[in-house]
Structures are given as structure tokens and as C-alpha cells.
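Read off the chains here:
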Amino acid sequence: MIKIVISGYGKMGKEIFSLLQGRDDVSVRTTEDICSVDTQTASESVCIDFTTPEAFRNNYRFIADNFKAAVVGTTGWNEIREEVTAYFKKRGKTLIYASNFSIGVNVFFEIAGISSALLSALGEYDSYITEFHHKFKLDSPSGTAVTLKEIVENKTGKATSLESVRCGYIPGIHNLGFESADDRLLLSHEAFSRKGFANGAVNAAFWALEKEGVFDFRTIIRERLYKILNNEND
């Protein structure tokens, strides 16, 4: 049985808890104060962190010091990413992090990278990103949009315009456009609920026990994607 402690009981924490509650192969608990978890429990558990950027900055050392592994879906700490990943490596603990744990979004990232490389090599295209979220979202632009921008700019070598909208109760929409004098290509991902993000985080928690090291969730999805494309079995 896998033991999971969910750090943060906001909207995502509740969604993940609802997926795991009642499963025979999982023991799950939640906390709003991860540093209050006793070290014995922590040493036997995977921490799934969906808190706030400030809380994660304060807590990541405790998580790395005490938990068996960690899955981090909190965004807004990109500027200390190297510091965080280095600390997990130093402590010898597995970390899987992502700006978005949705399987669909991570496939979208791969498509965006391929499209950016091809269009940059074959034509004269400018790119832009628009993202829409509910009015309660704390970070702007979203972590997903920042990741998408990094992918596109890395592949094209050109700056990409990014615009964010916070309005109503939108779970999440990300659009990537490529425009030339002759045509336009639009790629889009729309989340209907948080369940897709929660499912990805739960998958990551199980995978964290099979892996050693620090991983961006994108790299794990990419590995599995190319195995599928190459007809390879796990």
C-alpha cells in the first residue's frame, strides 16, 4: 500500500483526496501544515504538494529532508527551481514537479515543441500565447503558460507574446498561435475541470516510487510517448 500525504487542502487538494479516498491500495491524509507531520509518517509517505508559492518556498527543505518522495504541483517558484532541485538531489529524494499535471497539457507541450521547430525551420512565423483562468488564480501568467513560452522560444529562438486573462470561473484555457503572411495555425488546450490535473498528480505519486532522481513531469510523459510511438512496451 502506498501512503500519501497531501500538503494543502484547497481546490486541488480536495480533488486529489476525492480520487484517492476509499482506494484499497492507498492510505491518504491531508494537512495544511506539512511541517507538522511526524517524521516517521513522512519517511513512509509520498508528499503531494499543492499549496502556494510562499508556502512551498518555506516547506520544500522539510519535505526533501523527511518524505520518501514528493510530487509538486504548486507553481510560482520557477526562480528558485535550480535551488530546489539541487536540494532534493543532495538529500537523495525523488521529486516530480510540473507546471501542469494534466496528461493532455503535457502532450500539448510536445506538440507545441514539434510545431515550433518545424514552422521556424520551414517558414516565417510569429508566435503568441493567450491563457484564461478563473478570477481566484493567484499567479499570472500561469505556470503552464510560462512553460509553453519557454518551449516555443527555445525552439524558435524568437520572443513569444504572452497575454493572461483572469475572469469568472474558467478552469483553464491555453492557446498557442503561429501567424505568417499566408496563414495561421492555432493549437489549444481547454480543461473542463481539475480532475485531469488530479489524475496526473496521482499517477506521478505512484511513478515517484519507481524512480530515483528529480524529474519534470514532461520528461516522464515524453519517455512514455516515444515508447508508444516506437511500439515499445514498458
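Conventions and cut-offs
Residues numbered from 1 in each chain as written. Predicted model: local features only at pLDDT ≥ 70, side-chain atom pairs only at ≥ 80, totals over all residues. Heavy atoms only, no water. Pairing = 2+ DSSP bridges. Helix = DSSP H or I, 4+ residues; strand = E, 2+ residues; numbered from the N terminus. Axes fitted to C-alpha atoms, helices over the stretch in contact; angles between N-to-C directions. Contact = heavy atoms within 4.5 Å. Buried < 20%, exposed > 50% of the residue type's maximum accessible area, 1.4 Å probe, protein only. Polar contact = N/O pair within 3.5 Å; in protein donor to acceptor, adjacent residues only side chain to side chain. Parallel < 35°, antiparallel > 145°, perpendicular 65-115°, else oblique. 1 Å grid on protein atoms, 1.4 Å probe; cavity = no way out; pocket = protein on both sides within 12 Å on 5 of 7 lines; lining within 4 Å. Points joined across faces, edges and corners; volume = space filled by probe spheres on them. Nonpolar A, V, L, I, M, F, W, Y, C, P; charged D, E, K, R; others polar.

**Q** Account for the sheet that holds strand E2 (residues 26-31), naming residues and giving values.
**A** Strand order in the open sheet made by the six strands is E2-E1-E3-E4-E5-E10, with parallel pairing throughout. Both outer strands of the open sheet, E2 and strand E10 (214-216), are each paired with one neighbouring strand and no more. Direction aside, the axes of adjacent strands within the sheet are offset by 15 degrees on average. Contacts between helix H8 (residues 217-229) and the sheet are confined to strand E5 (94-97) and E10, with E10 contributing the most and set at about 75 degrees to the helix.

**Q** Outline the side chain of Thr75, supporting the account with residue identities and numerical values.
**A** By the secondary structure assignment, Thr75 is in the loop between strand E4 (69-72) and helix H4 (81-91). Using a relative accessible area of 15% as the deciding quantity, one classes Thr75 as buried. A polar atom in the side chain of Thr75 sits 2.9 Å from the side chain of Asp139. In contact with Thr75, other than residues within four places in its own chain, are Pro53, Ala98, Ser99, Asp139 and Gly143.

**Q** Would you mind going over the sheet that holds strand E9 (residues 184-190) in detail, with residue names and values included?
**A** What the four strands build is an open sheet, ordered E7-E6-E8-E9; its pairing is mixed. Strand pairing shows two members of the sheet lacking a second neighbour, strand E7 (161-166) and E9, which therefore form its edges. In this sheet, neighbouring strand axes are inclined to one another by 15 degrees on average, regardless of whether the strands run parallel or antiparallel. With seven bridges joining them, strand E8 (residues 173-179) and E9 adopt antiparallel strand pairing. Residue pairing across strands places His174 opposite His189, the latter belonging to E9. Where helix H5 (residues 103-122) meets the sheet, its contacts fall on E8 and E9, and the angle it forms with E9 comes to roughly 165 degrees.

**Q** Describe the packing of helix H7 (residues 195-208) against H8, and please don't skip the residues or the numbers.
**A** Packing of H7 against H8 leaves a shortest axis separation of 12 Å and a crossing angle of 85 degrees. As summarised for this structure, H7 and H8 are arranged roughly perpendicular, according to the angle between their axes. In this structure, H7 contributes Gly200, Ala204 and Trp207 to the contact, and H8 contributes Phe217, Ile220, Ile221 and Arg224.

**Q** If you had to explain the layout of surface pockets to someone new, which residues and values would you point to?
**A** Considering only enclosed or pocket space, the largest pocket measures out at about 780 Å³ in volume. For the largest pocket, the lining is made up of 34 residues, of which Met12, Phe50, Thr51, His134 and Lys137 are closest to its centre. Listing elements by their share of the lining of the largest pocket, those giving two or more residues are helix H1 (11-20) and helix H6 (143-156). Of the residues forming the lining of the largest pocket, the biggest block, three residues, is contributed by H1. For the lining of the largest pocket, the per-class residue count stands at eleven nonpolar, 18 polar and five charged. The computed volume of the second largest pocket comes to approximately 330 Å³. Every residue lining the second largest pocket is counted, 22 residues in all, and those nearest its centre are Asn78, Arg81, Ser99, Gly143 and Thr147. Elements with a contribution of two residues or more to the lining of the second largest pocket: H5 and H6. Counting residues per element, the lining of the second largest pocket draws most heavily on H6, which supplies four residues.

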